[in-house]
Amino acid sequence: MTVLKTFITAVVGIFSAATSANAIMNGVGKLPVMGYNAWNAFACNVNETLILQTAQYMKEYGLLDVGYNHVNLDDCWAMKNRSATGEVISDTIRFPSMNNLTDQLHALGFYAGIYSDSGWFTCAGYPGSFMHEEQDAMTFQSWGFDFLKYDNCAIPFDDIIREGITGKYHRMVDALAVVAEKTGTTFVFSLCEWGWNQVWLWGAHMSHSWRIDDDIAPHWKSLTSIINSASFITQATNHYGRNDLDMLEIGNGDLSYDEAKSHFTAWALVKAPLLIGTNLATISQEMLSILKNQEIIAINQDPVHGTSISPFRWGINPDWTYNATHPAQYWSGPSENGTVFMLINTLSQPADMFFNLTESPWIRAGIQYSVRDLWTHTDNGTAVRSFTAMSVPAHGVVVLLLKEDGNEPAGLMPPCAGEALSQCTAEDGTRYS
Ligand code: GAL
């Protein structure tokens, strides 16, 4: 781990010396970060012991082994006041030594994340980094952190800031670039801006990820609302920069097993960061098994395709309809190993879900496909032209990986499948009808 980190730091250090701040930020975080964030389970009730215990659970439960290799603090780690020289100070009782904390996290095999704010104060009222950007970035570096989540509370008055929102966030990007130049340390930088000011248009110029919506809550209604927001902006995501749908609430609140599976699937396949927000001391084996679905994690971490899945049909609603209760239901995208399909049943009763293969732009006409179910982990035969998932549970999901499996049988009628039928034409110009 240390060797790897030194190597990455060295490479990025060399890279950064000759490039702009934007390029530095783009030089890290090719794939979505996976790990833990302490906010949703513990809010301000955090301390060093709890964080280290969580890291132990991550190791013990095999979460580190499947890729969850960050442990990130959120708000409330600081003292309310800075030092006489303006340094931010960690809470002397709850976080007596940040260096000790990051040393121990690194020794366990994790990267360590910290949190600050682009305004005067964090959302819980601790010191923000506005006008202290470089000083704080140096402090976080000297404490051994690798990741920084940067929030949007306590925005300074216009006649002080004299910046747009991109400028406000770029102040920290510039500070991190200075730190990289001085020390060779590069942070993964994550914007928390709640989808204000079309962050998906500019977030990629400066960060690994950007929150697209309000704070998630552990209820189905919150999930569908976030999925609905994501459905319209999937193009923003790629390697090095991505929509952040907020933390994983697997095992929290009133989410059922089927709802939790839908939650994990959607977050993983839109290539969002996968940050667990559950108390691991009480999580059930059933919920843990959702977080550890390696076939779905492999799509989130695809080194070849960084793009998100996108809806090819909204389903209950006409295409492109904004509906926070019934978002788009039929999604697909490319992956290293085939075309992935996600079907979400937003109804409160089971439903059969049908699609023509060529509704997905990633599918080749005239080819048949082998079908793998990434939740049952079974091969489910061959799909020719269409597929129907029978009895998808209420609020449940089906994830399929389709691989080319030779030409479809000869002589199938009609000669063109799906939407192509309306333009289906023989070489001599005869229209099929
Ligand atoms: C919110 C943010 C949450 C959490 C919280 C801490 O703005 O969306 O994810 O970081 O602040 O106070």
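Residues numbered from 1 in each chain as written. Predicted model: local features only at pLDDT ≥ 70, side-chain atom pairs only at ≥ 80, totals over all residues. Heavy atoms only, no water.

**Considering the site of the ligand**
Lining the immediate environment of the ligand, one finds 13 residues, of which D74, D75, K149, D151 and D215 sit closest. Note that an oxygen atom of the ligand is positioned 2.7 Å from one of the side-chain N or O atoms of D75. Residue W194 places a side-chain N or O atom 3.0 Å away from an oxygen atom belonging to the ligand. Looking at the shell around the ligand, its residues break down into seven nonpolar, no polar and six charged. (Near = heavy atom within 4 Å. Polar contact = N/O pair within 3.5 Å; in protein donor to acceptor, adjacent residues only side chain to side chain. Nonpolar A, V, L, I, M, F, W, Y, C, P; charged D, E, K, R; others polar.)

**Looking at the side chain of H263**
Relative to the helices and strands, H263 is located in helix 11 (residues 257-269). In this structure the side chain of H263 is engaged in a polar contact, spanning 2.8 Å, whose partner is the backbone nitrogen of E249. The residues contacting H263, other than those within four sequence positions of it, are I216, L223, M247, L248, E249, I250 and L255. (Helix = DSSP H or I, 4+ residues; strand = E, 2+ residues; numbered from the N terminus. Contact = heavy atoms within 4.5 Å.)

**Things to note about the nonpolar core**
Grouped together as the largest cluster of nonpolar side chains are 95 residues, with contacts concentrated most on Y68, W77, F264 and W267. Looking at this core element by element, the count peaks at seven residues for helix 8 (residues 165-183). Mapping this core onto the domain boundaries places at least three of its residues in each of domain 1 (7-300) and domain 2 (310-418). When sequence neighbours within four positions are dropped, the list of residues in contact with F264 reads Y68, L248, I250, L274, I290, L291, N293, I296, I297 and W375. (Core = buried A, V, L, I, M, F, W, Y, C linked by side-chain atoms within 4.5 Å. Buried < 20%, exposed > 50% of the residue type's maximum accessible area, 1.4 Å probe, protein only. Domains from an automatic or database assignment.)

**So, helix 5 (residues 98-108)**
Every buried residue belonging to helix 5 is among M98, L101, T102, L105, H106 and L108, and all of these are buried. Summarising the axial view, the buried residues of helix 5 lie within an arc of 160°, below the 170-degree limit, and thus occupy one face. Structural note: helix 5 exposes D103 and A107 on the side pointing more than 90 degrees away from its buried face. Where helix 5 terminates, the next one or two residues include G109, which has phi positive at roughly 105°. (Arc of directions from axis to C-beta.)

**Regarding the pairing of strand 10 (residues 330-335)**
Taking burial as the measure, the six residues of strand 10 include six buried ones, the bulk of the element. Side chains Y330, S332 and P334 project from strand 10 onto one buried face, and the interleaved W331, G333 and S335 project onto a second face that is buried too. Bridge count between strand 9 (residues 310-313) and strand 10: three bridges; the pairing is antiparallel. Its bridge partner being in strand 10, P311 is matched across the sheet by W331. Where strand 10 meets strand 11 (residues 338-344), six bridges bridge the pair, whose relative direction is antiparallel. Among the inter-strand pairings, P334 is bridged to a residue of strand 11, identified as T339. (Pairing = 2+ DSSP bridges.)

**Looking at the sheet that holds strand 14 (residues 378-383)**
Strand order in the open sheet made by the six strands is 9-10-11-16-13-14, with antiparallel pairing throughout. If you trace the sheet from one side to the other, it starts and ends with strand 9 and strand 14, each paired once. Between one strand axis and the next, the sheet turns by 30° as a mean value, whatever way the strands run. As paired strands, strand 13 (residues 367-373) and strand 14 are joined by four bridges and run antiparallel to one another. Bridged to R372 within strand 14 is D379. (Axes fitted to C-alpha atoms, helices over the stretch in contact; angles between N-to-C directions.)

**What about the packing of aromatic side chains?**
Scanning the model with the defined rule gives 19 aromatic pairs in all. Judged by centre distance (5.2 Å) and plane angle (65°), the ring pair of W194 and W196 falls under edge-to-face. Classification of W196 by relative accessible area gives partly exposed; the value is 39%. Taken together, a centroid distance of 5.8 Å and an interplanar angle of 40° make the contact between F232 and W314 tilted. Here F232 is found in the loop between helix 10 (220-231) and strand 7 (242-244), whereas its partner W314 is found in the loop between strand 9 and strand 10, with 82 residues between them in sequence. Residue class for F232 comes out partly exposed when judged on its relative accessible area of 24%. According to the relative accessible area criterion, W314 is buried, its value standing at 1%. Taken together through their ring pairs, the aromatic side chains of F312, Y330, F341, F355 and F387 make up a single cluster. (Phe/Tyr/Trp six-rings, centres within 6.5 Å; stacked < 30°, edge-to-face > 60°.)

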